[in-house]
Amino acid sequence: MRFEGTDTYVATEDLMVAVGAAVSLGRPLLVKGEPGTGKTVLAEEIARALGKRLVSWNVKSTTKARQGLYEYDAVARLRDGQLGDERVNDISNYIVRGKLWEAFDDDAGAVLLIDEVDKADIEFPNDLLHELDRMEFFVYETKETVRAVNRPVVIITSNNEKELPDAFLRRCFFHFIRFPDQQTMSRIVDVHHPDLAPELIQAAMRVFYGLREVPGLKKRPSTSELLDWLKVLDAESIEIERVAKATGALPPLFGALLKNEQDVDLVRHVGSRHGSRRGRG
Amino acid sequence: MFLRLFFGLRDARVPVSLREYLTLLEALKRDLHGFSVEGFYHLSRAALVKDERWFDRFDQVFGHIIKGLELHLEEPWQEIPEEWLRKMAGQHLTEEEKALIQSLGGFEELMKTLAERMKEQNERHQGGSKWIGTGGTSPFGAWGYNPEGIRIGGKSVHRRAVKIWEKRVFKDLDDEVELGTRNLKVALRRLRRFTRDGGEPLLDIDETIEATAKNAGWLDLKLVAEKRNNVKVLLLLDIGGSMDDHIREVERLFSAARTEFKHLEQFYFHNCVYEGLWRENSLRWTDQTSTREVLNTYGRDYKLILVGDASMSPYEIVMPGGAVEHWNEEAGVVWMQRLLTAYPDATWLNPVPRRAWGYTESIDMIKTVMDDRMHPLTLDGLDAAMRELAA
């Protein structure tokens, strides 16, 4: 089964190979890349392309690996016990399934997205090693082993906030979403805004890449910001000339591109001098 | 051939393990590379390399193995933008070295010779490109322009289609030398020590279940204090003067430290610690905190981290009145010793590269005062410092 992008997602060659390898060998695929380059969207699109259900697990700084497997709601059982509820006799009534279990349980095999794995504690990925390797785990309370019928496709995203443990990395395939070059970017824009005037897109992309090269920006605008910006430019019917003239200076509706007042300030002051400069590799 | 790639990567210090190699073989067995070199490139990269910072080295090794290209782990040369060299010199030369350059006819002269030498080298080996001064006789080597991967981009002499791994698009991501905030955070995290004291009580479920069972089913709640990172850090940063060159590294260290530690107290000093410290540089003259007060406020359990280049005149350390900007009643070394007595866990991080430490007398002096607990502000250095502090 080969993933070749979808009508709303442009996949590069290396991405297709990496996804193919991860799916076919049943290994997790670790995806990194600048924020806003479509890491999370990738999982959705893979699920869509493969016709599988997407189970997404959003990791936060307080998330524990156990929560992905199951949780034993002891407090509810205690309460039921005190109230003499019948349910209390069956311990499985108090086992709350986690996302991993949910994905393992899908007979057709699901796509499991573990989003922003680097947000959690450093040990988090290590705690999931065995579960992701064997695709099974043991529920101590009910003495049963949960095993994946069909190995789910596991997509893990990271924003590089923490180094991931080596043992974990060794088990994954790795893909780094590079910031798209102009050619790929026009294909991406095309997929999302097929009706926009090509002149507007061209002018907007020139401004956009100019902005990205302003040195010292705290948050460089990325793909998702460009797409949003095009959408508002279109919605507000801004004339192409106004966009085209903005190379370097603050473009119209810049709020969609620059999300930080220091960046806005910076572009206002130095942007015009650097806007036209191209990077030399 | 696959084994050569594997060992080639290991030789280039890309961390690949046998397990990953076997994964690659398994993937190849299933024809996932689609029988093309490019497919093999993508597949082996996804299987073997797990961090974008190694991509560039992977590209080089891959190109070398597959095409029998000449291996240039050290970069080819091209025109050097002068501005760039100047910056390099500013960052990487000590005052003494700069003086030496002056004696050789000054910077302009050096630039000229450098440019000429590069032209010569390009003519001599067509297409092959080597470090200038690898022989060790050229002044460029001696001045230390090269050792930390300062590089000048190259032009391919062979006119042929550039393969994807030859484009070297990931060059910027190789960050072995450079300290990123995330690396700093990971290194700082070695200091973490979780303890349970104070803080919001949490329900201890396991204990509660057990106690309740013992209590014949009557609910007996057990509470436990929340786990917290209890490491306390007193961070003193040298600011101004010779430290201006290192501001970026220090800022990064500071921003990483701020998110890692709940108990972080940070003060500035200039060159050496004297009787006054300040919280914000703009308040430097108006709102100093006396060092004695700092010593009395923060207890022995604080870990002291000093960051500074320790590059100053020796008088600033040993003589009363030696400070550059004000009259100090007591010598810097007296204050340093007071700090070190108050905080047994202490370390000094120095942004000056270690190999240049010998050139500056004051660095040696501070190092002696610190009992040798001085580390360069690199990932390795930080790591060593944190291990020492955590021990």
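Residues numbered from 1 in each chain as written. Chains lettered and ligands numbered in written order. Predicted model: local features only at pLDDT ≥ 70, side-chain atom pairs only at ≥ 80, totals over all residues. Heavy atoms only, no water.

Draft legend 1. Representation of the packing of helix 4 (residues 74-83) of chain A against helix 10 (residues 205-214) of chain B in the model. Packing of helix 4 of chain A against helix 10 of chain B brings their axes to within 10 Å, and their N-to-C directions diverge by 25°. Relative to helix 10 of chain B, helix 4 of chain A is oriented roughly parallel. The two elements helix 4 of chain A and helix 10 of chain B meet at a crossing, and its hand is left-handed. Along the contact surface, helix 4 of chain A presents Ala74, Val75 and Leu78 of chain A, while helix 10 of chain B presents Ile205, Thr208, Ile209 and Thr212 of chain B. (Axes fitted to C-alpha atoms, helices over the stretch in contact; angles between N-to-C directions. Helix = DSSP H or I, 4+ residues; strand = E, 2+ residues; numbered from the N terminus. Parallel < 35°, antiparallel > 145°, perpendicular 65-115°, else oblique. Left-handed = near helix turned anticlockwise from the far one by under 90°. Contact = heavy atoms within 4.5 Å.)

Draft legend 2. Broad picture of helix 1 (residues 2-11) of chain B. All names here are of chain B. Listed in full, the buried residues belonging to helix 1 are Leu5, Phe6, Gly8 and Leu9. All buried residues of helix 1 fall inside an arc of 165° around its axis, so they share one side. Directly after helix 1, the chain includes arginine 13, whose backbone phi takes a positive value near 60°. (Buried < 20%, exposed > 50% of the residue type's maximum accessible area, 1.4 Å probe, protein only. Arc of directions from axis to C-beta.)

Draft legend 3. Layout of the confidence of the model for chain B. Residue and element names in this part refer to chain B. Per-residue pLDDT for chain B averages 71, and the proportion of residues at 70 or more is 63%. The weakest mean pLDDT in chain B belongs to helix 8 (residues 139-142) at 37; the strongest belongs to helix 14 (residues 332-342) at 91. Below pLDDT 50 for its whole length, residues 121-161 participates in 76 contacts with residues either more than four positions away or in separate chains. The ipTM value of the predicted complex is 0.78, and its pTM value is 0.60. (pLDDT = per-residue confidence, 0-100.)

Draft legend 4. Representation of the interface of chain A and chain B. Across the boundary between the two partners, chain A contributes 31 residues, which contact 37 residues of chain B. The junction of chain A with chain B conceals about 3,100 Å² of combined surface from both sides, 59% of it contributed by carbon and sulfur atoms. Counting the surface chain A buries against chain B, the share from its top three residues, Glu163, Arg170 and Phe174 of chain A, is 19%. Our enumeration of links across chain A and chain B arrives at five salt bridges. A salt bridge links arginine 19 of chain B to aspartate 133 of chain A; the nearest nitrogen and oxygen atoms lie 3.4 Å apart. At the boundary of chain A and chain B, one finds eight residue pairs in polar contact (both at pLDDT 80 or more). Residue assignment for the side of chain A that touches chain B shows that the elements contributing at least two residues are helix 1 (13-25), helix 4, helix 8 (166-170) and strand 9 (173-177) of chain A. At eight residues, the largest contribution of residues to the side of chain A that touches chain B is made by helix 1 of chain A. Its residues assigned to classes, the side of chain A that touches chain B shows 14 nonpolar, five polar and 12 charged. (Buried area = accessible area lost by both parts, 1.4 Å probe. Salt bridge = Lys/Arg side-chain N within 4 Å of Asp/Glu carboxyl O. Polar contact = N/O pair within 3.5 Å; in protein donor to acceptor, adjacent residues only side chain to side chain. Nonpolar A, V, L, I, M, F, W, Y, C, P; charged D, E, K, R; others polar.)

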